[in-house]
Amino acid sequence: MTPILDMNGITVTIGGRNLIEDVSLTCMAGTLTGVVGANGAGKSTLMAVAAGTLKPRRGSVAIDGRPLGQWRLAALADKRAVLIQSDALAFPFAVHEVVQLGMDGRGRGLTERRRLAILERALSVADAIHLAARLYPTLSGGERQRVRLARILAQLEAGRTVHDRQLLILDEPLAGLDLKHQVAAMAAARAFADEGHAVLAVVHDLWAAGHYSDCVLALQNGRAAEFGSPETVLAPERVRTLFDLPPGTAVEAYLTAARDAAGRRPPQAGSERNPAD
Ligand SMILES: Nc1ncnc2c1ncn2[C@@H]1O[C@H](COP(=O)(O)OP(=O)(O)OP(=O)(O)O)[C@@H](O)[C@H]1O
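Residues numbered from 1 in each chain as written. Predicted model: local features only at pLDDT ≥ 70, side-chain atom pairs only at ≥ 80, totals over all residues. Heavy atoms only, no water.

Labelled according to an unreviewed UniProt entry, the protein appears under the name ATP-binding cassette domain-containing protein, originating from Prosthecodimorpha staleyi. According to UniProt, the comment filed for the protein under the heading Sequence similarities (unreviewed entry) is "Belongs to the ABC transporter superfamily." Here the protein is described in UniProt, under the heading Function (unreviewed entry), as follows: "Part of the ABC transporter complex HmuTUV involved in hemin import. Responsible for energy coupling to the transport system." (UniProt positions renumbered as here; feature names shortened; annotations may be inferred.)

Trainee: How would you sum up the sheet that holds strand β7 (residues 167-171)? Please name residues and give values.
Mentor: The six strands lie next to each other as β6-β7-β8-β3-β9-β10, forming an open sheet whose pairing is mixed. Each of the sheet's edge strands pairs with one partner strand only, and the pair in question is β6 (80-83) and β10 (223-228). Each strand of the sheet is rotated relative to its neighbour by a mean of 15°, with strand direction disregarded. Judged from the five bridges that link them, strand β3 (residues 31-37) and strand β8 (residues 198-202) form a sheet pairing that is parallel. Residue T31 lies in a different strand from β8, and its bridge partner there is A198. Lying over the sheet, helix α5 (residues 141-159) contacts β6 and β7, oriented at roughly 175° with respect to β6. (Pairing = 2+ DSSP bridges. Helix = DSSP H or I, 4+ residues; strand = E, 2+ residues; numbered from the N terminus. Axes fitted to C-alpha atoms, helices over the stretch in contact; angles between N-to-C directions. Contact = heavy atoms within 4.5 Å.)

Trainee: Run through the site of the ligand, naming residues and quoting values.
Mentor: The ligand sits among 14 residues. The nearest are G40, G42, K43, S44 and T45. Within the side chain of K43, an N or O atom sits 2.7 Å from an oxygen atom of the ligand. S44 places a polar main-chain atom, nitrogen or oxygen, 2.9 Å from an oxygen atom of the ligand. Burial of the ligand by the surrounding chains reaches 61%, relative to a free accessible area of 640 Å². Mapped onto the shell around the ligand, the elements with two or more residues apiece are β2 (17-27) and α1 (43-51). By residue number, the principal contributor to the shell around the ligand is α1, which donates three residues. Residue composition of the shell around the ligand, by class: four nonpolar, seven polar and three charged. (Near = heavy atom within 4 Å. Polar contact = N/O pair within 3.5 Å; in protein donor to acceptor, adjacent residues only side chain to side chain. Areas by Shrake-Rupley, 256 points an atom, 1.4 Å probe, with all protein chains shown as cover. Nonpolar A, V, L, I, M, F, W, Y, C, P; charged D, E, K, R; others polar.)

This is the structure in structure tokens:
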């Protein structure tokens, strides 16, 4: 089965320093891959490479078997969506316009009525319907994050009329969200994966990484330190090492979350190969 995302031997060098070194990763349909690691480990850099916004010095990226460079931008926007960490765009628009702009030009044969239904559904999943008429710049940080989430959900739903087997790239989707909205955001990502798409998500919250991921990539100093099931990667000793925690620091709850979730996952979920090998 062709992976939805296949990254092979990725090395990113800036200013003579390797921010990412020889990292490989495969995301299969139906899976959510969590990416964890300390500040500066290279997680956002890897997401930028997966998204196609940063060219690696070495290595290849393919989406659904086609090298990233061979995708036309419009086709790529129907195929994958990216939630970036910072709000680079000022979006001086009303919330409903921000979300609508996300699906502008996306999809094929969508009536205005269908587009409105997509807009409403995306706003609803992100619990942002009541914000629809508000000006985006006046929102709180967490509210903006929810609107950005609605925007990419709308983009993907519209794009689904062109491409199936889509890819959702999330760089810290939980940033700024309260607990209710963290749960909703991860549940939406999980549901998207369960529909046969793939999710690649940088998740700082190890409980969420363990609970919602099928497999976890742990980055350390730009390298793939671990890759495997959440139960393996989030084992207490490994977590202590990965984050340079003092011996005995209580981290067992992350493993419990991973184990609890594992019992509810379909057995076929997961990646085909271990890039840390
Ligand atoms: N444009 C750049 N020029 C030089 N160094 C950079 C650049 N972008 C990132 N870096 C460095 O590369 C390393 C990896 O950065 P990256 O943003 O990928 O880390 P991260 O794992 O996402 O961290 P965080 O958890 O803090 O978001 C960091 O040391 C960062 O300072």
